[in-house]
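# Structural overview for review
For reference, the chains in residue letters:
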Amino acid sequence: MLRLDGVSRLFGGLPALDRVCFDVARGRVTALIGPNGAGKSTLINCITGVDTPTGGTVTFQERDITGLAAHRVSRLGIARTFQNLRLFPRLSVLDNVLCGLSGEGGRSMVMAMLRLPYLRHRERLLKLRALEALDRFGLADKASWPASILAYGDKKRVELARATVGRPDLLLLDEPVAGLNSDETAAVGEQLRRLRAGGHTILLVEHDMELVMDIADQVVVLDSGRCIAVGSPDEVRRNPVVLEAYLGQMEATA
Amino acid sequence: MSPIRRDKVLYFLFLHRTGLFVGLLTAALMLFPLIEDNPYTLGLTNLIAINTIVVLGLNLFIGYAGQISLGHAAFFALGAYGSAVTTVAGGMSPWPAMLLVAVLVGLIALVIGIPVLRLTGHYLAMATLGFNFVIHTVLLEWDEVTGGPSGFSGIPPLGWGDFLFDSEVRLHYLLWGSAMLCLLLSLNLVRSGVGRGLAGLAGDETAAASLGVDTKRAKVKVFVLSAVFASLAGSLFAHCYGFVSPDSFGIFTSADLVIMVVVGGMGSIWGSLLGAGLITLLPEWVDVFATYKDFVHGGILVLVLMFLPQGLVTGIVDLVRVKIALRRRKHAAA
Ligand SMILES: Nc1ncnc2c1ncn2[C@@H]1O[C@H](COP(=O)(O)OP(=O)(O)OP(=O)(O)O)[C@@H](O)[C@H]1O
Ligand SMILES: [Mg+2]
């Protein structure tokens, strides 16, 4: 479904990504792991048009999307969350989630200003869908709160609701459980499993190995911008190169 | 009334609160000339209506697209002089002239907006300021067409057949009718999916783009919309006073418009009305303000931005919303 072919990203001559190649299979959960600074977030940015690769190609459903603007990528059915929360703090929780459906309310400013009956009707349906999405994450009772006052764990889940409400074909999650306690992590893990059961394709960046080993079908390991291993969770866990990358980092930080 | 029934009525009112406010305000405005028929006062409130139209558009641009313009008096001027020239020298009748001018100003905004809106912050402020400067200079220097510093007079009033909008009371209905229409259109826009996209854009451009909002295009669209509003207000201004001069369209007018937006509150449609009203009336209420208008306006701008960066109405509404939600959160926890 998604194919990365030699994707590179140089920052002032230093490679944050160095010829990364792998596929994300439809209906599967692909986990992307690697030590801090390995280039995981950069890779997600390069796929979603937030950043542009300096080399290589990104193909989504047989279509070359390399360097495509972020809103175009989004409209092709790729949704994402951000490692550092990017909610709209002044909007209500419900409005934040509704932003995930921005395309379905029509894009014409003139129509919006006239507020024709069909648009009002559609607006009501969208609200229902957004509330359902919030309900799935147990946040329906906070729908009218301004997003800024939510607790950190709730904010993370609102971002997940916003990314999933439009039923994207491909979901890119940048550390969805970072900073959550174990109960919240379990709840999000449950949601991810449900999304996969619903046929969603997920690329999951995560440091929480328990979660990764639990739900990933395929694991990709990045180290200093290079893809050092691809395989099933078990294969990767036993791969000596991977162990060394992680151990090396531990020694360096120790 | 049973409690359930009362809840239902309250809920209905809450659901339709926007329509309710618009209806009440419209009714009050229709009755206003019956209570107050002093032409001087009506002249003032009419000016508020004109300013409101410009401020609504500018507020969408500043508050929703998250941009800045210090040049909206230029679009206001283009509307006013456009109507003056097409009706007096071109012999067009006022209504079609007004539409034609609005379309042309929209096109000008499009042509300017596409390159200029790549800029942000100070650069955008400087570019729009420069545009205002250019237009103002043209009005002063191109006197065969604009009448130069002494202005352009003899602009016909608007009307239908024999009925002319030529008294303050008639103008009251024309101008406030137009202002309420623009208010309603703006309210509709911000309550739509497109409006939410714009609010997102103002909050976090990257996040909005990742949710499918074409940020560059949206900025240009709102810029054009705000220019069209300013142009319409300018045309109304010209037909209302029958006379225009470059003095009304300098960079200080642009600054005043921004101050109205800020006092009203970023992105607050109702606040636009309040901002336009307060800043238009202030010099009338207190003489000192009339003499030192620019200082006072500058002072207000600095104070509001220091203490409520989102502007007066928006800032207060935000505070109240957060307070209420925090209290509910405490209740939920207890
Ligand atoms: N805008 C930028 N300019 C220069 N260097 C950058 C930029 N963004 C990222 N980098 C560098 O690219 C490398 C990869 O960063 P990235 O954020 O992708 O890592 P990551 O794998 O997501 O790490 P983490 O697990 O900490 O989130 C880092 O060395 C970082 O310093
Ligand atoms: Mg990262």
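Residues numbered from 1 in each chain as written. Chains lettered and ligands numbered in written order. Predicted model: local features only at pLDDT ≥ 70, side-chain atom pairs only at ≥ 80, totals over all residues. Heavy atoms only, no water.

## Some points on the nonpolar core
- Core analysis: the largest hydrophobic core is formed by 94 residues, its most contacted members being L60, F75, L189, L198, V244 and F249 of chain B.
- With 14 residues, helix α11 (residues 215-241) of chain B is the single largest residue contributor to this core.
- Dropping the residues within four chain positions of it, F75 of chain B is found in contact with V105, A109, F131, F223, A227, A230 and S231 of chain B.
- Listed in part, the 36 residues of the second largest apolar core include W145, V165 and L192 of chain A together with A325 of chain B. (Core = buried A, V, L, I, M, F, W, Y, C linked by side-chain atoms within 4.5 Å. Buried < 20%, exposed > 50% of the residue type's maximum accessible area, 1.4 Å probe, protein only. Helix = DSSP H or I, 4+ residues; strand = E, 2+ residues; numbered from the N terminus. Contact = heavy atoms within 4.5 Å.)

## Considering the interface of chain A and chain B
- The interface of chain A with chain B comprises 34 residues on the first partner and 37 residues on the second.
- Each partner contributes to the roughly 3200 Å² buried at the junction of chain A and chain B, and carbon and sulfur atoms together form 60% of this total.
- It is R90, M109 and M113 of chain A that lose the most area in chain A upon contact with chain B, and together they represent 24% of the buried surface on that side.
- Linking chain A to chain B there are 3 salt bridges.
- Linking R86 of chain A and D204 of chain B is a salt bridge whose minimum nitrogen-to-oxygen distance equals 2.7 Å. (Buried area = accessible area lost by both parts, 1.4 Å probe. Salt bridge = Lys/Arg side-chain N within 4 Å of Asp/Glu carboxyl O.)

## Here we look at the packing of aromatic side chains
All names here are of chain B.
- Under the definition given, this model contains 10 aromatic pairs over all chains.
- Ring plane angle 40° and centroid distance 5.2 Å describe the contact between F75 and F131, whose orientation is recorded as tilted. Here F131 lies in helix α6 (residues 121-141) and F75 lies in helix α4 (residues 72-89), a separation of 56 residues in the sequence.
- When the centroid spacing of 5.5 Å and the interplanar angle of 55° are considered together, the rings of F76 and F237 count as tilted. Pair noted here: F76 is in helix α4 and F237 is in helix α11, with a separation of 161 residues, a long-range link.
- Judged by its relative accessible area of 10%, F237 falls in the buried class.
- What links up through ring pairs into an aromatic cluster is the set F76, Y81, F237, Y241 and F249. (Phe/Tyr/Trp six-rings, centres within 6.5 Å; stacked < 30°, edge-to-face > 60°.)

## Examining helix α3 (residues 39-64) of chain B
All names here are of chain B.
- Its 26 residues give α3 an end-to-end C-alpha distance of 36 Å, which sits within 8% of 38 Å, the value for a rise of 1.5 Å per residue.
- Approximately 25° is the largest bend angle found in α3, and it occurs at L58.
- Burial analysis of α3 places 22 of its 26 residues in the buried class, which makes it a mostly covered element.
- Sitting at the head of α3, N38 places a side-chain oxygen 2.9 Å from the backbone nitrogen of Y40.
- Count one or two residues on from α3 and you reach G66, which has phi positive near 70°. (Expected span 1.5 Å × (residues − 1). Bend = angle between axes of the 7 residues up to and from the residue. Polar contact = N/O pair within 3.5 Å; in protein donor to acceptor, adjacent residues only side chain to side chain.)

## A look at empty space enclosed by the protein
- Per the counting criterion, the structure on display carries 5 cavities of 30 Å³ or more.
- The space that makes up the largest cavity amounts to roughly 100 Å³.
- For the lining of the largest cavity, the secondary structure elements donating two or more residues are α5 (117-136) of chain A together with α9 (193-203) of chain B.
- Take the lining of the largest cavity: its biggest share by element is 3 residues, from α5 of chain A.
- The residue makeup of the lining of the largest cavity, split by class, is 3 nonpolar, 4 polar and 4 charged.
- Taken as a whole, the second largest cavity encloses approximately 50 Å³ of empty space.
- Residue lining of the second largest cavity: T81, F82, K156, E159, L160, D174, E175 and P176 of chain A, and that is the complete set.
- When residues of the lining of the second largest cavity are assigned to their parent elements, the largest contribution, 3 residues, is made by helix α6 (residues 152-164) of chain A.
- For the lining of the second largest cavity, the per-class residue count stands at 3 nonpolar, 1 polar and 4 charged. (1 Å grid on protein atoms, 1.4 Å probe; cavity = no way out; pocket = protein on both sides within 12 Å on 5 of 7 lines; lining within 4 Å. Points joined across faces, edges and corners; volume = space filled by probe spheres on them. Nonpolar A, V, L, I, M, F, W, Y, C, P; charged D, E, K, R; others polar.)

## Some words on the coordination of the magnesium ion (ligand 2)
All names here are of chain A.
- Here the magnesium ion (ligand 2) is held by the protein donor atoms S41 (OG) and Q83 (OE1), which lie 1.9 to 2.1 Å from it. Pair noted here: S41 is in helix α1 (residues 40-48) and Q83 is in the loop between β6 (78-80) and α3 (93-99), with a separation of 42 residues, a long-range link.
- For S41, a relative accessible area of 21% puts it in the partly exposed group.
- For Q83, a relative accessible area of 31% puts it in the partly exposed group. (Donors = N, O, S within 2.8 Å, 3.2 Å for Na, K, Ca; no water.)

## A short note on the sheet that holds strand β2 (residues 14-24) of chain A
Residue and element names in this part refer to chain A.
- Spatially, the 4 strands line up as an open sheet ordered β2-β1-β4-β5, and their pairing is antiparallel. Two strands lie at the open edges of the sheet, namely β2 and β5 (63-64), each paired on one side alone.
- Inspection of the sheet shows strand β1 (residues 2-11) paired to β2 by 7 bridges, in the antiparallel sense. Paired with L4 across the two strands is F22, which belongs to β2.
- Running over the sheet, α1 touches β1, β2 and β4 (55-60) and is turned about 115° from β1. (Pairing = 2+ DSSP bridges. Axes fitted to C-alpha atoms, helices over the stretch in contact; angles between N-to-C directions.)

## Details of the domain arrangement of chain A
Residue and element names in this part refer to chain A.
- For chain A, the assigned domains are domain 1 (1-30 + 49-76) and domain 2 (77-193).
- Using only C-alpha atoms to locate each centre, domain 1 and domain 2 end up separated by 24 Å.
- Counting residues at the interface gives 11 residues for domain 1, matched by 6 residues for domain 2.
- When residues of domain 1 are sorted by the area they lose upon contact with domain 2, V50, F60 and R75 head the list and together hold 41% of the total.
- Counting the contacts that link domain 1 with domain 2 gives 0 salt bridges.
- Between domain 1 and domain 2 we count 2 residue pairs in polar contact (both at pLDDT 80 or more) in total.
- For the side of domain 1 that touches domain 2, the element with the most residues is helix α2 (residues 70-75), which contributes 3 residues.
- When grouped by side-chain class, the residues that make up the side of domain 1 that touches domain 2 number 8 nonpolar, 2 polar and 1 charged. (Domains from an automatic or database assignment.)

## Topic: the UniProt feature "transmembrane region" (unreviewed entry) in chain B
Residue and element names in this part refer to chain B.
- UniProt records the feature "transmembrane region" (unreviewed entry) for residues 12-35, 47-66, 73-92, 98-117, 173-190, 222-244, 256-279 and 299-320 in the present numbering.
- Regarding residues 73-92, the helix share stands at 85% and the strand share at 0%, and the terminal C-alpha atoms are separated by 24 Å.
- For residues 173-190, the helix share is 100%, the strand share is 0%, and the end-to-end C-alpha distance is 26 Å. (UniProt positions renumbered as here; feature names shortened; annotations may be inferred.)

## A look at a positive patch on the surface
- Together, R63, R72, R75 and R107 of chain A together with R217 and K221 of chain B make up a region of like positive charge exposed at the surface.
- Of all elements in the fold, only α2 of chain A together with α11 of chain B reach the threshold of two or more residues within the positive patch.
- Considering the arrangement of structural elements, one finds R72 of chain A in helix α2.
- The exposure class of R72 of chain A is partly exposed, given its relative accessible area of 45%. (Patch = residues over 30% accessible without salt bridge, like charges linked within 9 Å, V, L, I, M, F, W, Y side chains within 5 Å. Areas by Shrake-Rupley, 256 points an atom, 1.4 Å probe, with all protein chains shown as cover. Lys, Arg positive; Asp, Glu negative; His and termini not counted. Charge placed at Lys NZ, Arg CZ, Asp CG, Glu CD.)

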